[in-house]
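Okay, here's what each chain looks like letter by letter:
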Amino acid sequence: LVRNILTVFEGKIPTIQKDWSIMAIRWATTCKVMHIASRSFQVFRCLISFLDQTMLRDMLSCLTNTISDENSGIQGFSMQILMTLNAITSELYSEQLIAFPQLFWSSVASLTTIHENEFIEVLSALSKFISKIDFNSPDTVNCLSATFPPKWEGKFEGLQKIIMIGLRSSNSYEPTLKLMGKLTQLENSQIIGEGKHRVLMTLLANMPRFLHAHTTKRFSDDIITTGNYLGDMADKNEIIGLSRIIESLIKRRFRNKEDFMSQIVNVLKRHFFPQYAAETLVFLLGLLFNKIGWIKIETMDLLKHVFRVVDLSSDEFIGLGADLIAPLLRLLLTDYVDQALEVLDEAASISASPFDKHYLMMSAGDSTMRKNYDKIVTLF
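Residues numbered from 1 in each chain as written. Predicted model: local features only at pLDDT ≥ 70, side-chain atom pairs only at ≥ 80, totals over all residues. Heavy atoms only, no water.

Undergrad: Can you lay out the overall build of the protein for me, pointing to particular residues and giving the numbers?
TA: Looking only at helices and strands, the protein features 21 helices and 0 strands. With the C-alpha coordinates aligned to their principal axes, the bounding extent of the protein is approximately 75 × 50 × 40 Å. By residue count, 49% of the 380 residues in the protein fall in the buried class. Accessible surface for the protein amounts to roughly 18500 Å². Of this, 53% is attributable to carbon and sulfur atoms. Counting 39 positive and 41 negative side-chain charges, the protein places the centres of these two groups 4 Å from one another. (Helix = DSSP H or I, 4+ residues; strand = E, 2+ residues; numbered from the N terminus. Buried < 20%, exposed > 50% of the residue type's maximum accessible area, 1.4 Å probe, protein only. Areas by Shrake-Rupley, 256 points an atom, 1.4 Å probe, with all protein chains shown as cover. Lys, Arg positive; Asp, Glu negative; His and termini not counted. Charge placed at Lys NZ, Arg CZ, Asp CG, Glu CD.)

What follows is the structure in structure tokens.
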């Protein structure tokens, strides 16, 4: 309808598309009636031909007040803003995009949303941004680094790490892996991630599907490509032996999965533990929230090996108590109970915490405790 109206009037009013865009975004960002504001964002998406700082400022101002809101109506409005930012990223040329570094950083910040649908929309926008902008160019990295928000809360350790929480969800698992695949092909930088830590994150993110490929004997082109890039990253960061292990997996040289896991865990122990032991455990345990069955199974198989080489009595684990194994406890009332118990057998020396009783009651199916647990700040 919007495009048909344009064709009727643009001969008589050459500026109608620009004028209408400005009016639509003004209504979208100032109208108090959420229904009209949402429709105005939809109209604007049909008209996108340019963007200026005022438009972007007004949209981001609205987004800061709505993203992660628990009200379903406001969630819908927030999605309209994110869909509009995604559409802008899609429509603008690369030289136009780099002129709006706020668009990139606001998208990165939005990855901390509590809602899956918002997270997935942001992933889509960032994927387009990465496809259009050369992140291997020092000029791009310098431009984005120079515009890093000065009031950013917490430590930013690169885009690769921040998107990995998406692997905990069955809905965001595939789009997160696809974006990670793009990031794996990029050089180290402050924006993407740097050093050995980046190799570790890439390895951990892909381990469930590497193991599943071995189980099913099906190695997709995507898995082979990712494995090759991971091997290159390992060699550049002098992670001795990792590229050979990945190459052996892809070429199906391992007779059984246990051999592959044992060699991977040896690499983890030699190059990444104890420095990243806690982070590794928390990430892998977090994958157990994913509803996809084979991800739970393959992750628990790996966890049995990892727990054997982690010193749970070290300082970083003191006081965590049952919070550390909460994802395993949640599986005790499911069909995965046997495997969960096998993993728990390997986690023999977990220190106590004041909340242990609550975690155990919650895992036993106490609905009241589950509600209370959701309000407690935990590792997960």
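Undergrad: Describe the environment of serine 137, naming the residues involved and giving the relevant values.
TA: Looking at where serine 137 falls in the secondary structure, it is placed in the loop between helix H8 (116-132) and helix H9 (138-146). Judged by its relative accessible area of 16%, serine 137 is buried. It is 9.3 Å that separates the C-alpha atoms of serine 137 and glutamate 187, two residues lying 50 residues apart in sequence.

Undergrad: An account of helix H15 (residues 257-271) is requested, with residue identities and associated values reported.
TA: For H15, which comprises 15 residues, the first-to-last C-alpha distance of 21 Å matches the rise-based estimate of 21 Å (1.5 Å per residue) to within 8%. For H15, the full list of buried residues reads Lys257, Phe260, Met261, Ile264, Val265, Val267, Leu268 and His271. In an axial view of H15, the angular spread of the buried residues amounts to 150 degrees, which keeps them on one side of the axis. Buried-residue contacts for H15 involve helix H12 (195-216), helix H14 (242-250) and helix H17 (293-308). Measuring from the side-chain oxygen of the N-cap residue of H15 to the backbone nitrogen of glutamate 258 gives 3.2 Å; that N-cap residue is asparagine 256. (Expected span 1.5 Å × (residues − 1). Arc of directions from axis to C-beta. Contact = heavy atoms within 4.5 Å. Polar contact = N/O pair within 3.5 Å; in protein donor to acceptor, adjacent residues only side chain to side chain.)

Undergrad: How would you sum up the packing of aromatic side chains? Please name residues and give values.
TA: For the structure on display, the rule yields 13 aromatic pairs. An angle of 45 degrees between the planes, with centres 5.7 Å apart, marks the rings of phenylalanine 104 and phenylalanine 135 as tilted. With phenylalanine 104 in helix H7 (residues 101-110) and phenylalanine 135 in the loop between H8 and H9, this residue pair connects regions lying 31 residues apart in the sequence. Like phenylalanine 135, phenylalanine 104 is buried. Three or more aromatic residues link up through ring pairs in this structure, and these residues are Phe104, Trp105, Phe129, Phe135, Phe148, Trp152 and Phe156. The ring of phenylalanine 272 carries the charged tip of lysine 196 above its face, separated from the ring centre by 5.7 Å. One cation-aromatic arrangement involves lysine 296 over tyrosine 336; the distance from NZ or CZ to the ring centre is 5.8 Å. (Phe/Tyr/Trp six-rings, centres within 6.5 Å; stacked < 30°, edge-to-face > 60°. Lys NZ or Arg CZ within 6 Å of the ring centre and 35° of its normal.)

Undergrad: Describe H12, with residues and values.
TA: Its 22 residues place the ends of H12 32 Å apart at the C-alpha level, agreeing with the 32 Å of an ideal helix rising 1.5 Å per residue. Most pronounced at methionine 207, the bend in H12 amounts to some 45 degrees, and the proline proline 208 follows within four residues. Within H12, 17 of the 22 residues are buried, which leaves the element mostly enclosed by the surrounding structure. Count one or two residues on from H12 and you reach lysine 217, which has phi positive near 65 degrees. (Bend = angle between axes of the 7 residues up to and from the residue.)

Undergrad: Can you explain the pattern of salt bridges? Please cite residues and give values.
TA: According to the stated counting rule, one finds 11 salt bridges in the structure shown. A salt bridge links glutamate 247 to lysine 251, with the shortest nitrogen-to-oxygen separation between them at 2.9 Å. Residue classification places glutamate 247 among the partly exposed positions, given a relative accessible area of 36%. As a salt-bridge pair, aspartate 301 and lysine 257 come within 3.5 Å of each other at their nearest N and O atoms. Highlighted residues: aspartate 301 in helix H17 and lysine 257 in helix H15, separated in sequence by 44 residues. Classification of lysine 257 by relative accessible area gives buried; the value is 17%. Through salt bridges with shared partners, a single ionic network connects Lys257, Glu298, Asp301, Lys304 and Glu342. (Salt bridge = Lys/Arg side-chain N within 4 Å of Asp/Glu carboxyl O.)

Distances and angles like these do not, on their own, reveal function.
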